[in-house]
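Residues per chain are reported as follows:
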Amino acid sequence: LRVRQAINLAIDREVYTKVTTAGLGQPATTLFPKEYWAHDPALAKIITHDPDKAKALLKEAGSPTVTFTGVAFSDQASVQHQEVLLAMWRRVGINPKIQNASVPEASQTFFFNRKVDCMLAAITARPDPSMVPYTIFGKDSPYNGGHQEIPGMEAALAASRAGATQGERRAALSKVQRIALEQAVFVPLVFDVGIVALSNKYSGFRPNLLGRPRFEEVAAAG
């Protein structure tokens, strides 16, 4: 746990966002961006940039230097993002060995073959806020790389779907996030931006929270 916490505390997310998204993104310290109704500002301080504390945690854990394996995508932008992250980790004594691969190869290596300890990747938005935590934290989800039950998480995930009001669901989703952040089972980095260009030759396009465009209602403009 202390090593996982150190991995998070070593990252300056403000700098990471400026470098990797030209400042257009939003530093991520929780699962949801500030503008989204499921965001809980009370969780924002669980993960901060504190390299001195990261070093102290590694020392407490019994090793001032740590290494682990991982896989990341091989496109130019992903490699550049990876280099920024590795530089921050190395400053506190964390020296991962990351290999690069195509999206299908990386996914196979981490999720199914389980040959590496981590994967640097992105997850797109979903229509319902409980879908993302279920996908990455659920005990039986194929995208839970460790395939281990996170203490308290299954009950919290179930509660996040059961609320009758947004307020009830926000409280339940806050508990899900708090467990994930305090257990340091993931490393949030940045909420990236999506840019959509529309031509006035067409009509009917609607943005969505699926992470990919839909064209069922798109037609030539009348």
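Since this is a predicted model, take the numbers as computed values, not measurements.

How each quantity is defined
- Residues numbered from 1 in each chain as written.
- Predicted model: local features only at pLDDT ≥ 70, side-chain atom pairs only at ≥ 80, totals over all residues.
- Heavy atoms only, no water.
- Helix = DSSP H or I, 4+ residues; strand = E, 2+ residues; numbered from the N terminus.
- Contact = heavy atoms within 4.5 Å.
- Patch = residues over 30% accessible without salt bridge, like charges linked within 9 Å, V, L, I, M, F, W, Y side chains within 5 Å.
- Areas by Shrake-Rupley, 256 points an atom, 1.4 Å probe, with all protein chains shown as cover.
- Salt bridge = Lys/Arg side-chain N within 4 Å of Asp/Glu carboxyl O.
- Buried < 20%, exposed > 50% of the residue type's maximum accessible area, 1.4 Å probe, protein only.
- Core = buried A, V, L, I, M, F, W, Y, C linked by side-chain atoms within 4.5 Å.

(A) A look at the environment of Met 119. Its location among the elements puts Met 119 in strand E4 (residues 118–120). Along the chain, Met 119 and Ala 106 lie 13 residues apart, while their C-alpha atoms are 7.6 Å from each other. If sequence neighbours within four positions are ignored, Met 119 has contacts with Val 71, Phe 73, Ala 106, Ser 107, Phe 110 and Phe 111.

(B) Here's a closer look at a nonpolar patch on the surface. A surface patch of nonpolar side chains, about 320 Å² in accessible area, is lined by Leu 24, Val 193 and Ile 195. Topologically, Ile 195 is positioned in the loop between strand E5 (190–191) and strand E6 (202–203). Judged by relative accessible area, which is 75%, Ile 195 ranks as exposed.

(C) Quick look at the pattern of salt bridges. Under the counting rule described, the total for this entry stands at 4 salt bridges. Between Arg 169 and Asp 128 there is a salt bridge; the shortest N-O distance is 2.8 Å. On the criterion of sequence distance, the pair formed by Arg 169 in helix H8 (residues 166–182) and Asp 128 in the loop between E4 and helix H6 (131–137) is long-range, its members being 41 residues apart.

(D) How the structure looks around the nonpolar core. Ranked by size, the top nonpolar core spans 23 residues in total, and within it Phe 68, Leu 85, Trp 89 and Ile 94 carry the most contacts. For this core, the elements supplying multiple residues, two or more each, are helix H1 (2–9), helix H3 (51–60), helix H4 (76–90) and E4. Considering every element that reaches this core, the biggest residue donor is H4, with 5 residues. Look past the residues within four positions of Ile 94 in its chain and what remains in contact with it is Ala 6, Ile 7, Leu 58, Val 66, Phe 68 and Trp 89.

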